[in-house]
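Listed here are the chains, written in short residue letters.
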Amino acid sequence: DACDRVGMSDQTPAATSGRPPIHVVTRDEFEAVADVIMPVVYPVTIAMALCVALVNLLHTPGVESAGTGGMTTAVYAEKASDSASVKLEGAMANAAVFIAFITAATFALFLLFKYRLAKVIWAYMGFSGLLIFGLLGGNILLQVLDKLEIAVDMISVYLFLWNFSAGGALMTFFWPGPLVVKQGYLIFISTIVSYYFTQIPEWTTWTLLVAMALYDLYAVLTPNGPLKMIVELAQERDEDIPALVYESRGTPDAGLRRRRTSARETAESRASEATSEMSPLIQDRSPASDDGDSRFHLPDSIKLGLGDFIFYSVLVGRAAMYSPITCLCCFTSVLFGLVITLLGLGLYGKALPALPVSIALGTLSFFGARFYLEPFVVDLYAHGIFVI
């Protein structure tokens, strides 16, 4: 009997229960996933860092902006003397107006795309890009030059702005060119827009971020979501999505190294991947394999909407206005949320909203660091206690 018990111990619980064995991630598989994820993490890091740099350089501590005077403060202009309940109600009203506008604009974009009026979309985006580079970017440039006390003649400034703006609009929307140049201009767009969004009053900013995360869930995951319909229509027509999208490209053979299959399944997957297309964000345009061993798959190229860049940077920029501790906590939380979202893309193989996880973690990190972590660190410092 003892010998029989020893012999039976060789069978694992997974084998006796019929469950598939647990797969241990190897170093090669981990590096393959990192090769695809990091080209998305790097530009997001750069965009947030640039926004934080502008906030630290141009923002005056203790002076709260009254808002940009646009749609984000169309209903309520926040005042320091208002009570918390009044600020919350006003912030929710401002966020509702902004979300309504974004929803209407996205459905309008879908209708234009559906009826093959993509030229109208690209013309509008090109004109908007020219204004962002020339007017908004030029205003920031003048503020930076004034803050750093750098004397430059206006003719040189205008020539630089014209070349930078015209080149950016053409390279981003119309002309083919090096991918790195387009990526750089897209990062500049997100930095410029996000800096202006950091001037929104504090209560409206945080309410708007939460509202945008909830809207992202609706727009991407629900059957009638506008972003979901645009992605499906683009896949059906085999066309690019008419939107500001950052495209990253990982290691060319990363997709092959990620698959853990038998010799026959590996050959079939290579044949299918050779003809697969690149994915929009967050969406795998090539359908995932139905094989049981293909549990995780990330496309070799991932596309991330520029709105995600902007709202990530707004959150971190707003945190930078309070203290470096809150900024660092939010910075790492947003990146961690982005990585979680990308891993979810690899697991589920379908479009996922990029805002909810990062915004949730970043918001929790901000208030946790502001009201708990920072007072604790300051108290330790006041008592001469240093934790290394």
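Residues numbered from 1 in each chain as written. Predicted model: local features only at pLDDT ≥ 70, side-chain atom pairs only at ≥ 80, totals over all residues. Heavy atoms only, no water.

(A) Here's a closer look at the overall build of the protein. Helix and strand content of the protein: 14 helices and two strands. Per-residue burial over the protein gives 43% buried out of 388 residues. Within the protein, contacts between residues separated by at least 24 positions form 77% of all contacts whose residues are at least 6 apart in sequence. Total accessible area on the protein stands at roughly 20900 Å², and carbon and sulfur atoms take up 66% of it. (Helix = DSSP H or I, 4+ residues; strand = E, 2+ residues; numbered from the N terminus. Buried < 20%, exposed > 50% of the residue type's maximum accessible area, 1.4 Å probe, protein only. Contact = heavy atoms within 4.5 Å. Areas by Shrake-Rupley, 256 points an atom, 1.4 Å probe, with all protein chains shown as cover.)

(B) Spatial organisation of the packing of helix α3 (residues 27-58) against helix α13 (residues 324-348). Across the interface, α3 lies against α13 with an axial gap of 10 Å and an inter-helix angle of 150°. With respect to α13, the axis of α3 lies roughly antiparallel. Taken as a pair, α3 and α13 cross one another with a handedness that is right-handed. Facing V33, I37, V40, V41, V44, T45, M48, A49 and V52 of α3, the residues of α13 in contact are C327, F331, V334, L335, L338, V339, L342 and L343. (Axes fitted to C-alpha atoms, helices over the stretch in contact; angles between N-to-C directions. Parallel < 35°, antiparallel > 145°, perpendicular 65-115°, else oblique. Left-handed = near helix turned anticlockwise from the far one by under 90°.)

(C) Representation of helix α14 (residues 356-382) within the structure. Here α14 is 27 residues long and its end C-alpha atoms lie 37 Å apart, about the 39 Å a rise of 1.5 Å per residue gives. All of the buried residues in α14 are P356, S358, I359, G362, T363, S365, F366, A369, R370, E374 and L380. Looking at the buried residues of α14, the elements they touch are α8 (202-221), α12 (306-320) and α13. (Expected span 1.5 Å × (residues − 1).)

(D) Fine view of the pattern of salt bridges. Under the counting rule described, the total for this entry stands at three salt bridges. Of the charged contacts in the structure, one is a salt bridge between E239 and R116, with a shortest N-O distance of 3.4 Å. Of this pair, E239 sits in the loop between α9 (226-237) and β1 (245-249) while R116 sits in the loop between α4 (84-114) and α5 (118-147); the two residues are 123 residues apart in sequence, bridging distant segments of the chain. The partner of E232 in a salt bridge is K228, and the shortest N-O contact between them spans 3.4 Å. Remark: K228 and E232 occur in helix α9; sequence separation between them is four residues, near one turn of the helix. (Salt bridge = Lys/Arg side-chain N within 4 Å of Asp/Glu carboxyl O.)

(E) Structural view of unusual backbone geometry. Residue R116 is not a glycine yet carries a positive backbone phi of 60°. Exposure remark for R116: the relative accessible area of 58% places this residue in the exposed category. Despite not being glycine, D238 shows a phi value in the positive range, around 60°. Within the secondary structure, D238 sits in the loop between α9 and β1.

(F) Region of the structure containing the environment of L361. In this structure, L361 sits in helix α14. We classify L361 as partly exposed; its relative accessible area is 26%. Residues contacting L361, with those up to four places away along its chain left out, are S333, F336, G337 and I340.

(G) Structural context of the packing of α4 against α5. The contact between α4 and α5 brings their axes to 7 Å, and the two run at 135°. By the angle class used here, α4 and α5 are oblique. Here L109, L112 and F113 of α4 lie close against α5, whose contacting residues are A118, V120 and I121. The residue inventory of the contact of α4 with α5, partitioned by class, reads six nonpolar, no polar and no charged. (Nonpolar A, V, L, I, M, F, W, Y, C, P; charged D, E, K, R; others polar.)

(H) Representation of the environment of G137. One can find G137 in helix α5. Judged by its relative accessible area of 12%, G137 falls in the buried class. Sequence-wise, G137 and L161 are 24 residues apart; in three dimensions their C-alpha atoms are separated by 8.3 Å. Each residue touching G137, except ones within four places of it in the same chain, is listed here: I132 and I192.

(I) Representation of the packing of aromatic side chains in the model. Applying the stated criterion across every chain, the model contains 16 aromatic pairs. Residues W206 and F367 carry aromatic rings whose centres are separated by 5.5 Å and whose planes lie at 55° to one another, so their mutual orientation is tilted. Placement of W206 in helix α8 and of F367 in helix α14 is noted, with a sequence separation of 161 residues between them. Residue W206 is classed as buried on the basis of its relative accessible area, which comes to 7%. Seen in terms of ring centroids, Y215 and Y218 are 6.1 Å apart; in terms of plane orientation they differ by 55°. Their pairing is tilted. Of this pair, Y215 and Y218 are both found in helix α8, three residues apart, which corresponds to roughly one turn of the helix. (Phe/Tyr/Trp six-rings, centres within 6.5 Å; stacked < 30°, edge-to-face > 60°.)

(J) Fine view of the nonpolar core. V44, M48, I140, M212 and Y312 are the most contacted members of the largest nonpolar core, which totals 66 residues. In terms of residue count, α3 provides more of this core than any other element does, 13 residues in total. Discounting residues that sit within four places of it in the chain, I140 has contacts with L54, L58, I192, Y195 and Y196. In terms of nonpolar packing, the next biggest core, distinct from the first, is built from twelve residues, M125, F173, I230 and L233 among them. (Core = buried A, V, L, I, M, F, W, Y, C linked by side-chain atoms within 4.5 Å.)

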